[in-house]
2 protein chains.
Amino acid sequence: MAQSPAVQTPFDIALSDRAKAGLPSAVRKIFRASQRSGIISFANGAPFLGALPFGRLAEDARRAIADQGSVALQYGSSAGIPQLRRHVVDIMALEGITAHPDQVIVTAGSQQALNMAAHATINPGDVVFAEGPSYAGGMAVFTSHEAEIVHVPSDSEGLIPAELERLIAETRAAGRTPKVLYTIPNFQNPGGVNLSSQRRLEVGHICRNNGMLLFEDNPYGLLGFDGQIMPALQPDFPDITFYFGSFSKMFAPGLRLGWVMAPASIHEHLINIAETAALNPAVFNQLLMSAYLDDPAWKETLDVYRGIYKAKFQALVETLETVMPAGTSWNKPTGGFYLWVKVPDGIDTEELVYEAIERGIVYVPGTAFYTNGTGRSELRLSFCLPSIDEIRKGAAILGELFTEALASSK
Amino acid sequence: MAQSPAVQTPFDIALSDRAKAGLPSAVRKIFRASQRSGIISFANGAPFLGALPFGRLAEDARRAIADQGSVALQYGSSAGIPQLRRHVVDIMALEGITAHPDQVIVTAGSQQALNMAAHATINPGDVVFAEGPSYAGGMAVFTSHEAEIVHVPSDSEGLIPAELERLIAETRAAGRTPKVLYTIPNFQNPGGVNLSSQRRLEVGHICRNNGMLLFEDNPYGLLGFDGQIMPALQPDFPDITFYFGSFSKMFAPGLRLGWVMAPASIHEHLINIAETAALNPAVFNQLLMSAYLDDPAWKETLDVYRGIYKAKFQALVETLETVMPAGTSWNKPTGGFYLWVKVPDGIDTEELVYEAIERGIVYVPGTAFYTNGTGRSELRLSFCLPSIDEIRKGAAILGELFTEALASSK
């Protein structure tokens, strides 16, 4: 082998039909920029970790290996370890979900769970309905399974049921299959809104009546600024709901742990898909997550975080009120990580993001949250990661940038 | 919401065309049985972990969180952290691969890397060629992307190039697309054979001449009993090779870390697929893996493991020689985890595995390693995990079972 020189024949590798989808490259560029040191990032949906009990977590990690290394570092069940699945059941109970640990599948992050669920259910050409705007990474999962995304217009109470019905009818009339409603009902990414109680019921019935699945993605449900928790859709629609949960926002993303609870008829298929795609989630990480949840103090830590995020949100809004050009508006989220901002005509958020990066800040242009090209007059500001000082400073830079852009557009 | 009773309408959820594939349920049943306590498992490809330096690893884990918790527990790069990618480059250099860390994509286990590569390249109906027999989990990945598996007959030097050429021609004649050769060139799973140097070149040229990709899956390459390392195929065929590496066998599976190096033209697509499917591999786990590899002592530990596996292999073969019915044969692997056993007519390994489980042992019937239904006269014995005592005891039970079965078949 070694004596044979490397042959560099030009070779045009044919990608699969699915491979061309995924996150738009502009979005990926922006997220990469947001990892530059020194930049104030309003782009990342990354939680602030500084209030975690690192000392205790470090000791838990040490113990997991020292005391049970042969378990922690070995293969494990594709559905996850029982003790973590029991904790998941307790967490879901806070939102009114009654479940048994055997219904839970732990995954390496809820992104992986979404990908598995899409693999299980989406055929090329199927239509997935999603809030407009919606989570870029979720939509990328569906398009990478060759689904078409149709956005459902939303207002301050979340997606509009009548619009969903209309769009389903249009989809059928066009000979397409309405397959899934993908919704983030709580502190939605990026819109920051909650789906109202009344609409939860309406929307679920519309899905069921149309033979559609309901993908309920709920990474932010426990992060209401004042501790309010909205009841999940799953209990009313267990036969059609895939419920996705995540430890990434309420705890930390670095262990890569999330979960999915699927309709009973799909459960075994989904485990098989999980096993085929990734064998099993890391046992070590699951032991660590379980140890953290074994101590009820995690709820107090969560309370601390609610206060931190509320203060950051308030600092952002206070600053925006003084620095943004007239005609700028934003929603009033009561929890979560995101502020959704609409800017006056003359400001193109997609075009300006590169200048923003030059000036030391980064946000995500609205276009990242639609698959239909709209969103140039919108942007998402994440207030979770930067400090309050950075938020004030960064918002001032943003206000200056937009004010200048608006002036020069006239 | 809470006042509305759960409605349990029967609802027939349509699975995607892909969802029905994956690991055969018989195989999954067997692996689940192998996790029962008290059973002697020849089924698992799980490494023996008892020789790992748990004390040091525990301290590394503690430090990763105590010293840099805000990094360890945060999101990270979809391609993996730079320091681990540098270690991967050094490891691949042992097999003659020249690479830059920017060419490496770290994944949550090489199973995930295989799944991503399949997503990137396989269209429904494409043909993937694999050794006969081959790794059940690898084949499940391809069938879950709607590929058809065609087995290439193998002998003691690995897959037979002339047979590969013949099968490619047949595939083309049938109007199908020959897309990928999936090979485990070193200490093959389950056959235990090495692809000879001469055949590596022949096989690579056949792939390239036919516009096919070469998936080189190499989890066992560093586990030669006497430390011998075979050169990789990748250096001669960088334009068509996806090289898959794993820390699961040479270290431990519990961190879920592996990697892939793809042809340059595919690299960015593959990162996008990784990001869409799972965001990023766990930073904490990568820091821990890097810390382990920072100390050159990992190579001495690997040497210890080579000796352990060689001794287990020898104990297995010595026992089989005395207990198996005449007409039983097996290969002579020089490394890896597996012995591939052929039994005389009259013994059905698939039928007998359930009786084996009753008697306290479990193996994998040959049928798991073929997609064409053959393999009932073959079985895989993994000698990696059980102790030498368990190996002797378990092999004796197996010999008794097969001897009885053969006698009653006459």
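Starting afresh in each chain, residues are numbered from 1 along the sequence in its written order. Ligands are numbered from 1 and chains lettered from A, in the order in which they are written. This being a predicted model, a pLDDT of at least 70 is required before a residue's local features are given, and a value of 80 or more before pairs of side-chain atoms are given or counted; all residues contribute to the totals for chains, interfaces and linings. Note that water and hydrogens are dropped before the side-chain values are worked out from all heavy atoms of the structure.

Bringing the overall build of chain A into the picture now. Assigned secondary structure in chain A consists of 12 helices and 14 strands. Taken over the C-alpha atoms alone, chain A extends approximately 70 × 65 × 55 Å along its principal axes. Here the term buried applies to any residue with accessible area under 20% of the maximum for its type, exposed to any over 50%, and partly exposed to those in between, with areas from a 1.4 Å probe on protein chains only. Expressed as a percentage of the 410 residues in chain A, the buried residues total 65%. Whether two residues are in contact is decided by their heavy atoms, any of which lying within 4.5 Å being enough. Counting only contacts in chain A whose residues sit at least 6 apart along the sequence, the fraction spanning at least 24 positions is 75%. For every accessible area listed, the method is Shrake-Rupley and the probe measures 1.4 Å; residues are considered covered only by the protein chains on display. Of the roughly 13,900 Å² that chain A leaves accessible, carbon and sulfur atoms contribute 52%. Here a helix means four or more residues in a row that DSSP labels H or I, a strand means two or more in a row labelled E, and each is numbered from the N terminus.

Further remarks concern the packing of helix α11 (residues 349-358) of chain A against helix α12 (residues 388-408) of chain A. Residues and elements named next belong to chain A. Contact pair α11 / α12: the axes reach a minimum separation of 11 Å and the direction vectors enclose 125°. Comparing their axes, α12 and α11 come out oblique. As for how α11 packs across α12, the hand of that crossing is right-handed. Together, Thr349, Leu352, Glu355 and Ala356 of α11 and Leu401, Phe402 and Ala405 of α12 make up the contact between the two elements. All residues other than Ala, Val, Leu, Ile, Met, Phe, Trp, Tyr, Cys, Pro, Asp, Glu, Lys and Arg, Gly among them, are scored as polar; the first ten of these are nonpolar and the last four charged. Here the residues of the contact of α11 with α12 are counted per class, giving 5 nonpolar, 1 polar and 1 charged. The angle between two axes is taken between their N-to-C directions and runs from 0 to 180 degrees, where each axis is a line fitted to C-alpha atoms and a helix contributes only its stretch in contact. We call two directions roughly parallel when the angle between them is under 35 degrees, roughly antiparallel when it is over 145, roughly perpendicular when it lies between 65 and 115, and oblique otherwise. Here is the rule for handedness: rotate from the far helix to the near one, and if that takes an anticlockwise turn smaller than a right angle the crossing is left-handed, while a clockwise turn gives right-handed.

What follows is about the sheet that holds strand β9 (residues 258-261) of chain A. All names here are of chain A. For two strands to count as paired, DSSP must find a minimum of two bridges between them. The strand order across the open sheet formed by 8 strands is β2-β9-β8-β7-β6-β3-β4-β5, and the pairing between neighbours is mixed. Here the strands that pair on one side only, and so sit at the sheet edges, are β2 (104-107) and β5 (158-159). Alignment of strand β3 (residues 127-132) against strand β4 (residues 148-155), held across 6 bridges, turns out to be parallel. Looking across to β4, one finds that Val127 is bridged to Glu148. Lying over the sheet, helix α3 (residues 82-93) contacts β2, β8 (241-246) and β9, oriented at roughly 110° with respect to β2.

The next subject is the interface of chain A and chain B. Listed per partner, the contact involves 99 residues of chain A and 99 residues of chain B. Buried surface at the junction of chain A and chain B, both sides included, amounts to about 8,000 Å², of which 58% is carbon and sulfur. For this analysis, a salt bridge means a side-chain nitrogen from Lys or Arg found within 4 Å of a carboxyl oxygen belonging to Asp or Glu. Here chain A and chain B share 0 salt bridges between them. In the analysis that follows, any N or O atom pair within 3.5 Å is treated as a polar contact, provided that within protein one partner can donate a hydrogen and the other can accept it, and provided that, for residues neighboring in sequence, both atoms belong to side chains. In this structure, the connection of chain A to chain B is made through 21 residue pairs in polar contact (both at pLDDT 80 or more). For the side of chain A that touches chain B, the secondary-structure elements that each account for two or more residues are α1 (25-33), α2 (54-72), α4 (110-121), α5 (136-143), α7 (197-209), α8 (267-278) and α9 (283-294) of chain A. Of all the elements, α2 of chain A adds the most residues to the side of chain A that touches chain B, at 11 residues. Grouping the constituent residues of the side of chain A that touches chain B by class yields 55 nonpolar, 29 polar and 15 charged. Accessible area that two parts lose when put together, with a 1.4 Å probe and added across both, is what the buried area reports.

Time to look at α8 of chain A. At 3.6 residues per turn, the α-helix brings residues three or four places apart onto the same side. Residue and element names in this part refer to chain A. In this model α8 runs 16 Å from its N-terminal to its C-terminal C-alpha over 12 residues, within 8% of the 16 Å that 1.5 Å per residue would give. Taken across its 12 residues, α8 has 10 buried, putting it largely inside the fold. Along α8, the residues classified as buried are His267, Leu270, Ile271, Asn272, Ile273, Ala274, Glu275, Thr276, Ala277 and Ala278. Looking one or two residues past α8, Leu279 carries a phi angle of roughly 65°, positive in sign. Every helix has an expected span of 1.5 Å times one less than the residues it contains.

C-alpha atoms of residues with pLDDT of at least 70 in both copies form the basis for the least-squares superposition of the copies. Aligned on chain B, chain A shows an RMSD of 0.0 Å; the corresponding rotation is 180° and the shift along the axis is 0.0 Å. One copy is carried onto the other by what is essentially a two-fold rotation axis. Within chain A, the C-alpha atom positioned nearest to the axis of rotation is that of Arg62 of chain A, 2.5 Å from it. Of all interface residues in chain A, 100% are interface residues in chain B too; the two copies therefore contact each other through one and the same surface.

Right, let's get into helix α11 (residues 349-358) of chain B. Residues and elements named next belong to chain B. Of all the positions in α11, only Thr349, Leu352, Val353, Ala356 and Ile357 are classed as buried. Down the axis, α11 shows its buried residues gathered within 150° of arc, on one side only. Residues of α11 that are exposed and point more than 90 degrees away from the buried face comprise Glu351 and Glu358. Contacts from the buried residues of α11 go to α1 (25-33), β12 (361-362), β13 (364-365), β14 (378-382) and α12 (388-408). At the N-terminal end of α11, a side-chain oxygen is found 3.0 Å from the backbone nitrogen of Glu350, two or three residues along, and the residue is Asp348. Looking one or two places after α11, you find Gly360, whose phi comes out positive at around 100°. Working definition: the arc comes from the directions between the helix axis and the C-beta atoms, pointing outward to the latter.

Residue and element names in this part refer to chain B. Take Ala297: it is sitting in helix α10 (residues 297-323). What makes Ala297 partly exposed here is its relative accessible area of 24%. Expressed as a C-alpha distance, the spacing of Ala297 and Tyr135, which sit 162 residues apart in the sequence, is 31 Å.

Next up on the list: the pairing of strand β7 (residues 213-217) of chain B. All names here are of chain B. In terms of residue burial, β7 counts as a mostly covered element, since 5 of its 5 residues are buried. Side chains Leu213, Phe215 and Asp217 project from β7 onto one buried face, and the interleaved Leu214 and Glu216 project onto a second face that is buried too. Since strand β6 (residues 178-183) and β7 lie parallel, the crossover through helix α7 (residues 197-209) that links them has a hand, and here it is right-handed. With 4 bridges connecting them, β7 and strand β8 (residues 241-246) associate as parallel partners. Bridge pairing links Leu214 to Thr241 in β8. Every crossover in which the path from the first strand over the helix to the second runs clockwise, viewed with the strands pointing away from the viewer, is termed right-handed.

Note: pLDDT gives the predictor's confidence per residue, expressed from 0 to 100. For chain A, per-residue confidence averages 94 on the pLDDT scale, and residues scoring 70 or more make up 97% of the total. Below a pLDDT of 50 lies the segment residues 1-10 of chain A, which in the model reaches 18 contacts outside its immediate sequence neighbourhood of four places, other chains included.

Our next topic: the side chain of Thr349 of chain A. Relative to the assigned elements, Thr349 of chain A resides in helix α11. What Thr349 of chain A contacts, discounting residues up to four positions off in sequence, is Val343, Tyr363, Pro365, Gly366, Gly375, Arg376, Ser377, Glu378, Leu379 and Phe402 of chain A.

A few words on the nonpolar core. As used here, the term nonpolar core means buried Ala, Val, Leu, Ile, Met, Phe, Trp, Tyr and Cys residues forming a set that is joined through side-chain atoms within 4.5 Å. Counting 257 residues, the largest nonpolar core has Phe284 of chain A together with Phe284 of chain B as its most contacted members. Among the elements that make up this core, the one with the highest residue count is helix α10 (residues 297-323) of chain A (10 residues). Look past the residues within four positions of Phe284 of chain B in its chain and what remains in contact with it is Ala61, Gly254, Leu255, Phe284 and Leu288 of chain A together with Ala61, Ala64, Ile65, Ala72 and Leu73 of chain B.

This brings us to the packing of aromatic side chains. Each pair of aromatic rings taken from Phe, Tyr and Trp, with Trp reduced to its six-membered ring, is defined by centres within 6.5 Å and is described as stacked if the planes are under 30 degrees apart, edge-to-face if over 60, and tilted in the remaining cases. Following the criterion strictly, the structure yields 39 aromatic pairs over all chains and no others. Centre to centre, the rings of Phe313 of chain A and Phe383 of chain A are 5.6 Å apart; their planes meet at 50°, and the pair counts as tilted. Note that Phe313 of chain A is positioned in helix α10 and Phe383 of chain A in the loop between β14 (378-382) and α12, a separation of 70 residues in sequence. Judged by its relative accessible area of 10%, Phe313 of chain A is buried. Judged by relative accessible area, Phe383 of chain A falls into the buried class, the value being 0%. Taking the centre distance of 6.1 Å and the plane angle of 50° together, the rings of Phe225 of chain B and Phe383 of chain B count as tilted. Placement of Phe225 of chain B in the loop between β7 and β8 and of Phe383 of chain B in the loop between β14 and α12 is noted, with a sequence separation of 158 residues between them. Ring pairs connect the aromatic residues Phe48, Tyr220, Tyr305, Tyr309, Phe337 and Tyr338 of chain A, which therefore count as one cluster.

Further remarks concern the sheet that holds β14 of chain B. All names here are of chain B. Pairing in this open sheet of 4 strands is antiparallel, and the strands run β10-β11-β14-β13 from one edge to the other. One side of each edge strand has no neighbouring strand; the edge strands of this open sheet are β10 (329-330) and β13. Both β10 and strand β11 (residues 338-342) contribute to a ladder of 2 bridges, which runs antiparallel. Looking across to β11, one finds that Trp330 is bridged to Val341.

What follows is about the domain arrangement of chain A. All names here are of chain A. Domain delimitation in this document rests on an assignment produced automatically or drawn from a domain database. Split into domains, chain A comes out as domain 1 (25-47 + 299-408) and domain 2 (68-294). Computed over C-alpha atoms only, the centres of domain 1 and domain 2 are separated by 26 Å. Contact residues are listed per partner, giving 25 residues for domain 1 and 29 residues for domain 2. Of the roughly 2,300 Å² buried between domain 1 and domain 2 on both sides combined, carbon and sulfur atoms contribute 62%. It is Arg306, Thr334 and Phe369 that lose the most area in domain 1 upon contact with domain 2, and together they represent 25% of the buried surface on that side. Linking domain 1 with domain 2 are 1 salt bridge, by the criterion used here. One salt bridge connects Asp226 with Lys310, and the closest N-O pair in it is separated by 2.7 Å. Applying the counting rule to domain 1 against domain 2 returns 13 residue pairs in polar contact (both at pLDDT 80 or more).

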